[in-house]
Amino acid sequence: MKLRIDPLLVEMARVFNARGKRVFLVGGAVRDMLRGAAAHDWDLASDALPAEVCAMFGHVIKTGLKHGTVTVIFRGRAVEVTTFRTEAGYADGRRPDEVRFAATVEEDLSRRDFTMNAVALELPSGAPVDPFGGAEDIRRRLIRCVGQAAERFAEDGLRPLRALRFAATLGFALDEGMEGAIAGALGVTAMVSAERVRDELEKIVLSDNPAAALDAMERTGLLRLILPELAACVGVEQKGRHRFDVYEHSVRALEYAARMKAGLEVRLAALLHDVGKPSAAALDERGVWTFYNHERASAELVRAALFRLRFPNRVIDRVVHLVAEHMFHYEDVWNDAAVRRFI
């Protein structure tokens, strides 16, 4: 594993080394480098205490001293530096109750969520530290927890969504048994703030393969927890032009929007445009299901769901408009005056 280390990181590392301190590149940057992708954000872990880091560099922002984190502005680049640490207790299902500084990078890596995020590169050499086989899991395109999945998910209720987001964005598979652990952690995930859930859901919807994550959410119960309006569409049959139930039709609509590289509002509308169908369903005299005015019911449900998930008002208004009008279609019999009246 021979990876190129950016010269700026080499220069920073020499500052640490000159004071007898070790420093490592960690987290998503290492994962992306191992995948052969560009690494944009740099996070460093060191045995230097925050006060020592502040003394090494002229411009340091004390962003998270309680958790051992400072942001160093070096040659115009912001780099987070965190002292090796371990964590304990997660009463709120998200943040550790207790943070203790650790002696080694291996201890620090042991608190990470997934093995692919638990690989470090010592600086300036780039020598890897990989105690949990993360590099091999990246090669296998596998998402695997550090230690037991049930324990990792019980600590942080956002981790199940992060796992599914990585599956959607990276095209990786979940390790065996991970879906069961996700289902067992729903109570913890329910404690996570709506804003953090929204951020993960948005990344899933904007990914190239959102269906994989959404189907796993449906199987594990996460969908009913986060988007009960969409979960209610599972098994709701349609006839006529439709081959799929309302849920699968909706997910396939999102997949098509993803292939077309549509923006967030169009993708959300594609996914949620029919969530009013379960409440609008009725059998006609022929025994065929109908869904009259379901677009209006859908628009109301979508507004409530996106508001609950703390989406910006501008996004909510545009998605609701698309959902409310999605049954509209232009016909050739319209004359120019009719078009003008419609506009």
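Refer to the structure above for everything that follows.
So, here's what we can say about the structure. Every value quoted in this text rests on a predicted model; they were computed, and no experiment measured them.

### What to know about the pattern of salt bridges
Here's step 1: Across all of its chains, the model carries 25 salt bridges by this definition.
Here's step 2: Two residues, Glu-195 and Arg-310, come together in a salt bridge whose shortest N-O distance is 3.7 Å. Of the two residues, Glu-195 is situated in helix H10 (residues 194–205) and Arg-310 in the loop between helix H17 (294–308) and helix H18 (313–324); the sequence distance between them amounts to 115 residues.
Here's step 3: Look at Arg-310 and you get partly exposed, because its relative accessible area is 42%.
Here's step 4: Taken together, the shared-partner salt bridges connect Glu-151, Arg-152, Glu-155 and Arg-159 into one network.

### What to know about the pairing of strand S3 (residues 60–64)
Here's step 1: With 3 bridges connecting them, S3 and strand S4 (residues 69–74) associate as antiparallel partners. Looking across to S4, one finds that Gly-64 is bridged to Thr-69.
Here's step 2: Where S3 hands over to S4, the hairpin turn is made up of 4 residues, of which Gly-68 adopts a positive phi near 80 degrees.

### Re helix H7 (residues 159–170)
Here's step 1: Taking 1.5 Å as the rise per residue, H7 with 12 residues should run 16 Å; its terminal C-alpha atoms sit 16 Å apart, in good agreement.
Here's step 2: For H7, a buried count of 10 out of 12 residues is recorded, marking the element as mostly surrounded by other parts of the structure.
Here's step 3: Buried within H7 we find Arg-159, Pro-160, Leu-161, Ala-163, Leu-164, Arg-165, Phe-166, Ala-167, Ala-168 and Leu-170.
Here's step 4: Where H7 terminates, the next one or two residues include Gly-171, which has phi positive at roughly 75 degrees.

### Some details on unusual backbone geometry
Here's step 1: A cis amide bond links Leu-123 with the next residue in sequence, Pro-124, at an omega value of 10 degrees.
Here's step 2: Examined against the element boundaries, Pro-124 turns out to sit in the loop between strand S8 (120–123) and strand S9 (127–129).
Here's step 3: Notably, Arg-141 is not glycine yet its phi reads approximately 60 degrees, a positive angle.
Here's step 4: You can call Arg-141 partly exposed: its relative accessible area is 42%.
Here's step 5: Positioned with a positive phi, Lys-261 is a non-glycine residue whose angle comes to about 60 degrees.

### Considerations on the sheet that holds strand S2 (residues 43–46)
Here's step 1: The mixed open sheet is built from 7 strands, whose spatial order is S3-S4-S5-S2-S1-S8-S9. Each edge of the open sheet carries a strand with a single partner, namely S3 and S9. Going across the sheet, the axis of each strand differs from the next one's by a mean of 35 degrees, ignoring polarity.
Here's step 2: Of the strand pairs in this sheet, S2 and strand S5 (residues 77–83) are connected by 4 bridges, and their pairing is parallel.

### Description of the pairing of S2
Here's step 1: Direction of pairing for strand S1 (residues 23–26) relative to S2: antiparallel, over a ladder of 4 bridges. When the sheet's bridge partners are listed, Leu-25 is paired in S2 with Leu-44.

### Examining the packing of aromatic side chains
Here's step 1: Tallied over the entire structure, the rule returns 8 aromatic pairs.
Here's step 2: Plain terms: the ring middles of Phe-16 and Phe-57 are 5.6 Å apart, the flat faces sit at 55 degrees to each other, and that makes the pair tilted. Placement of Phe-16 in helix H1 (residues 7–18) and of Phe-57 in the loop between helix H3 (50–56) and S3 is noted, with a sequence separation of 41 residues between them.
Here's step 3: Taking the relative accessible area as the measure of exposure, Phe-16 reaches 0% and is therefore buried.
Here's step 4: Between the aromatic rings of Phe-328 and Phe-342, the centroid separation amounts to 4.4 Å while the plane-to-plane angle is 5 degrees, which identifies the pairing as stacked.

Conventions used here
Residues numbered from 1 in each chain as written. Predicted model: local features only at pLDDT ≥ 70, side-chain atom pairs only at ≥ 80, totals over all residues. Heavy atoms only, no water. Salt bridge = Lys/Arg side-chain N within 4 Å of Asp/Glu carboxyl O. Helix = DSSP H or I, 4+ residues; strand = E, 2+ residues; numbered from the N terminus. Buried < 20%, exposed > 50% of the residue type's maximum accessible area, 1.4 Å probe, protein only. Pairing = 2+ DSSP bridges. Expected span 1.5 Å × (residues − 1). Axes fitted to C-alpha atoms, helices over the stretch in contact; angles between N-to-C directions. Phe/Tyr/Trp six-rings, centres within 6.5 Å; stacked < 30°, edge-to-face > 60°.

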